[in-house]
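Per-entry structural report
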Amino acid sequence: MTTKTPLLKVDSIGIQFGGLKAVSDVNIELNSGELVGLIGPNGAGKTTFFNLLTGVYEPTEGVIALGGEKLNGLAPYRITRKGISRTFQNIRLFNELSVLDNVKVAYHSLAKHSMVSSILRLPSFFSGEREMEEKAIEFLEIFKLEPYLHEKAKNLPYGQQRRLEIARALASNPKLLLLDEPAAGMNPQETHDLMNLIGFIRKKFNLTVLLIEHDMPLVMGVCERIYVLDHGQLIAQGSPEEIRNNPKVIEAYLGEEVS
Ligand SMILES: Nc1ncnc2c1ncn2[C@@H]1O[C@H](COP(=O)(O)OP(=O)(O)OP(=O)(O)O)[C@@H](O)[C@H]1O
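Residues numbered from 1 in each chain as written. Predicted model: local features only at pLDDT ≥ 70, side-chain atom pairs only at ≥ 80, totals over all residues.

The local shell around the ligand consists of Phe17, Leu20, Ala22, Gly40, Asn42, Gly43, Ala44, Gly45, Lys46, Thr47, Thr48 and Gln89. Counting only elements with at least two residues in the shell around the ligand, the list comes to β2 (20-30) and α1 (46-53). In terms of residue count, the dominant contributor to the shell around the ligand is α1 (3 residues). (Near = placed C-beta within 6 Å. Helix = DSSP H or I, 4+ residues; strand = E, 2+ residues; numbered from the N terminus.)

In structure tokens, the structure reads:
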């Protein structure tokens, strides 16, 4: 019998800030192509967990492996190159740069042309630049942002800034995309469109997606499986139906609606 290696295997990881165990003994496995939710009340440790996966923090215990390769201790840019990309709870765009340049910046971190060729402006630099620009525009078309290519990021309406963040995260060609509350602050129509878009890009780019989101109907509607964190610990995992009816989850949310 062959057992499939999960794309992401998180084995008993944890981190402590002073006396606070922000994440403790968390085990998660993601298979290639899955769309999985990560939920939990405020302060449960969800963003900290993303920070551990992306190398912002190094776990004080446990192992993180992507495709069987250990990631502990790697710098964030190395983890991006290995195939994990993310968006942030609070949008982090380069506000003064154009929409196009926001995506091109992400390409630059992976560019094939060397530092020497870019300083000397060798032909390989220009062909690399052209290729990058074409790819960036291709992404921006998918996100319906091509009418705003030369607009400063800060001038985009909020919902489009969120889409631009995802477009930028995709530019590094990730295997695993981590989305931290991508629908926060969006109206219902924008949220609905965003979820369709996430489904679309998942298939198109063969992505695995881990989604933090507070909007329960949304998480329950789009995710195949859900993990629940509370006080830094995993208290439940399962299908949306199982999570909806799990007494520990209901208790953790203390009256907040989980429907
Ligand atoms: N760098 C840090 N130093 C000290 N404490 C931290 C640090 N980062 C996070 N924490 C603490 O860890 C706990 C988990 O925070 P985290 O932001 O991961 O929760 P969350 O589940 O993402 O919450 P929310 O849904 O409100 O965004 C909180 O108590 C937070 O104050």
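A few words now on α1. Since the α-helix packs 3.6 residues into each turn, any two residues three or four apart lie on the same face. The element α1 is largely enclosed, with a buried count of 7 among its 8 residues. Burial in α1 covers these residues: Lys46, Thr48, Phe49, Phe50, Asn51, Leu52 and Leu53. Following α1 by one or two positions, Gly55 has its phi on the positive side, about 80°. (Buried ≥ 20, exposed ≤ 12 C-beta atoms within 10 Å, placed from the backbone.)

Mapping Gly33 onto the fold places it in the loop between β2 and β3 (35-39). You can call Gly33 partly exposed: it has 14 C-beta atoms within 10 Å. Sequence separation between Gly33 and Leu7 is 26 residues; the distance between their C-alpha atoms is 8.9 Å. Leave out the neighbours within four places in its chain, and Gly33 touches Asn206 and Thr208. (Contact = placed C-beta atoms within 7 Å.)

For the rest of this paragraph, the subject is the sheet that holds strand β7 (residues 176-180). Read across the sheet, 6 strands follow the order β6-β7-β8-β3-β9-β10 without closing on themselves; strand pairing throughout is mixed. Two strands close off the open sheet at either side, each with one partner strand: β6 (84-86) and β10 (233-238). Ignoring which end each strand starts from, the neighbouring axes of this sheet average 20° apart. Pairing of β3 with strand β8 (residues 208-212) involves 4 bridges; the strand directions are parallel. When the bridges of β8 are listed, Gly37 appears paired with Leu211. (Pairing = 2+ DSSP bridges. Axes fitted to C-alpha atoms, helices over the stretch in contact; angles between N-to-C directions.)

Attention now goes to the pairing of strand β1 (residues 8-17). Where β1 and β2 come together, 7 bridges link them in antiparallel fashion. When the sheet's bridge partners are listed, Gln16 is paired in β2 with Lys21. Connecting the antiparallel pair β1 and β2 is a turn made up of 2 residues, with Gly18 showing a positive phi of about 60°.

A few words now on helix α6 (residues 158-170). For α6, built from 13 residues, the straight-helix expectation of 18 Å at 1.5 Å per residue is met to within 8% by its first-to-last C-alpha distance of 19 Å. Where burial is concerned, most of α6 is hidden: 10 out of the 13 residues are buried. All of the buried residues in α6 are Gln160, Arg162, Arg163, Leu164, Glu165, Ile166, Ala167, Arg168, Ala169 and Leu170. (Expected span 1.5 Å × (residues − 1).)

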